[in-house]
Amino acid sequence: MNFDALKPEVLVLLSKENNSRDEKLKELCQFLTDSVPYYNWVGFYFANHEAKTLHLGPYVGAATDHTVIPFGKGICGQVAESNTNFVVPDVSAQDNYIACSFTVKSEIVVPLFVNGQNIGQIDIDSHVIDPFSEKDERFLEFVNEEVAKLF
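Chains are numbered independently. Their residues run from 1 in the order of the written sequence. Residue-level local features of this predicted model are given only where pLDDT is at least 70; pairs of side-chain atoms are given and counted only at 80 or more, and the full residue set underlies all totals for whole chains, interfaces and linings. Only hydrogens and water are set aside; all other atoms, that is, all heavy atoms of the structure, feed into the side-chain values.

Chemist: Run through the overall build of the chain, naming residues and quoting values.
Modeler: A count of helical and extended segments in the chain gives four helices and six strands. Helix and strand labels come from DSSP, where a helix needs a run of H or I of at least four residues and a strand needs a run of E of at least two; each type is numbered from the N terminus. Reading the chain from its N end, one meets helices and strands in the order α-α-β-β-β-α-β-β-β-α. Taken over the C-alpha trace, the chain has a radius of gyration of 14 Å; the compact-globule value for 151 residues is 15 Å, and the two agree within 12%. Dimensions along the principal axes, computed over C-alpha positions, put the chain at roughly 40 × 35 × 25 Å. In this treatment the radius of gyration is a C-alpha quantity, and the globule benchmark scales as 2.2 Å times the residue count to the 0.38 power.

This is the structure in structure tokens:
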């Protein structure tokens, strides 16, 4: 996957002046889903630090019941506490995994920082076992650095 080729389009999507932040994020999710064959669900969760919960933001993919996730629960909740990327090659091997769908085989979650604070994350599910590499991590870090400029 040539992620460098996707970066200019990410910048274009996030710079659309007539779109709200949520519209930009939704279009970004759609773009990532359309552009990376193994990105089957792409979405953002945003932190409520007082309640220690994550709240589902814009996403593209199958509907999910996981609209609020407590810090520490599941992969997303663990990233809310650790402030580090979490790549899960095979979700069936994870003890603290919140099952979204039997079709989900792997997941990557990358935290979103604004002014040094973890305000949320991008969450990607795949129907393929072990598709994510360090290139995915670096690309998604780039995506989140650009998304952070919207806040």
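Structure shown, so let's carry the discussion forward.
Chemist: Residues and numbers for the side chain of E146, please.
Modeler: Mapped onto the elements, E146 comes out in helix 4 (residues 134–148). On the basis of relative accessibility, which here comes to 15%, the residue E146 falls in the buried class. Throughout, a residue-residue contact means that at least one pair of heavy atoms, one from each residue, lies within 4.5 Å. Those residues in contact with E146 that lie beyond four places of it in its chain are L11 and L14. Accessible area is worked out with a 1.4 Å probe on protein chains only. A residue is then buried under 20% of its type maximum, exposed over 50%, and partly exposed in between.

Chemist: Tell me about the environment of E27, and please be specific about residues and values.
Modeler: Among the secondary structure elements, E27 is positioned in helix 2 (residues 21–35). We classify E27 as partly exposed; its relative accessible area is 28%. Separated by 17 residues in sequence, E27 and V10 place their C-alpha atoms 9.4 Å apart. Residues within four places of E27 in sequence aside, it is in contact with L13, K16 and N19.

Chemist: Give a description of the packing of aromatic side chains that names residues and reports values.
Modeler: In summary, the pairing rule links any two rings of Phe, Tyr or Trp, Trp by its six-membered ring, whose centres are within 6.5 Å, and it sorts them by plane angle into stacked for under 30 degrees, edge-to-face for over 60 and tilted for everything else. Across all of its chains, the model carries nine aromatic pairs by this definition. A centroid spacing of 5.2 Å and a plane angle of 20 degrees characterise the contact between W41 and Y59, whose relative ring orientation is stacked. With W41 in strand 1 (residues 41–48) and Y59 in strand 2 (residues 53–60), this residue pair connects regions lying 18 residues apart in the sequence. Aromatic side chains F44 and F46 sit 6.2 Å apart centroid to centroid with 10 degrees between the ring planes, which places their arrangement in the stacked category. Exposure class is identical for F44 and F46. Each is buried.

Chemist: Now, about the nonpolar core: what can you tell me, with residues and values included?
Modeler: Ranked by internal contacts, the top residues of the largest apolar core, which has 31 residues, are L28, Y39, I122 and F139. Sorting elements by how many residues they give to this core places helix 4 first, with six residues. The term nonpolar core refers to a set of buried residues drawn from Ala, Val, Leu, Ile, Met, Phe, Trp, Tyr and Cys, joined through side-chain atoms within 4.5 Å. Residues C76, V79, A80 and V109 belong to the second largest nonpolar core, which totals 14 residues.

Chemist: Explain the packing of helix 1 (residues 7–14) against helix 2 to me, and be specific about the residues and the numbers.
Modeler: Inter-axis angles, ranging from 0 to 180 degrees, are taken between N-to-C directions of lines fitted to C-alpha atoms, where helices are fitted over the stretch in contact. Orientation of helix 1 relative to helix 2, taken along the N-to-C sense of each, is 155 degrees, at an axis distance of 9 Å. The orientation of helix 1 relative to helix 2 falls into the category roughly antiparallel. Taken as a pair, helix 1 and helix 2 cross one another with a handedness that is right-handed. Judged by residue contacts, E9, V10, L13 and L14 of helix 1 engage K24, E27, L28 and F31 from helix 2. For the contact of helix 1 with helix 2, the class distribution of residues is five nonpolar, no polar and three charged. Note on angle classes: values under 35 degrees are labelled roughly parallel, values over 145 roughly antiparallel, values of 65 to 115 roughly perpendicular, and the remainder oblique. The sense of a crossing depends on the near helix, which, turned anticlockwise from the far helix by less than a right angle, makes the crossing left-handed and, turned clockwise, makes it right-handed. The residue classification treats Ala, Val, Leu, Ile, Met, Phe, Trp, Tyr, Cys and Pro as nonpolar and Asp, Glu, Lys and Arg as charged. All others, Gly included, are polar.

Chemist: Tell me about unusual backbone geometry, residues and numbers included.
Modeler: Note: most residues except glycine have negative phi, and most peptide bonds are trans. Of note, K52 is a non-glycine position whose phi angle comes to about 55 degrees, a positive value. With relative accessibility at 52%, the residue K52 sits in the exposed group.

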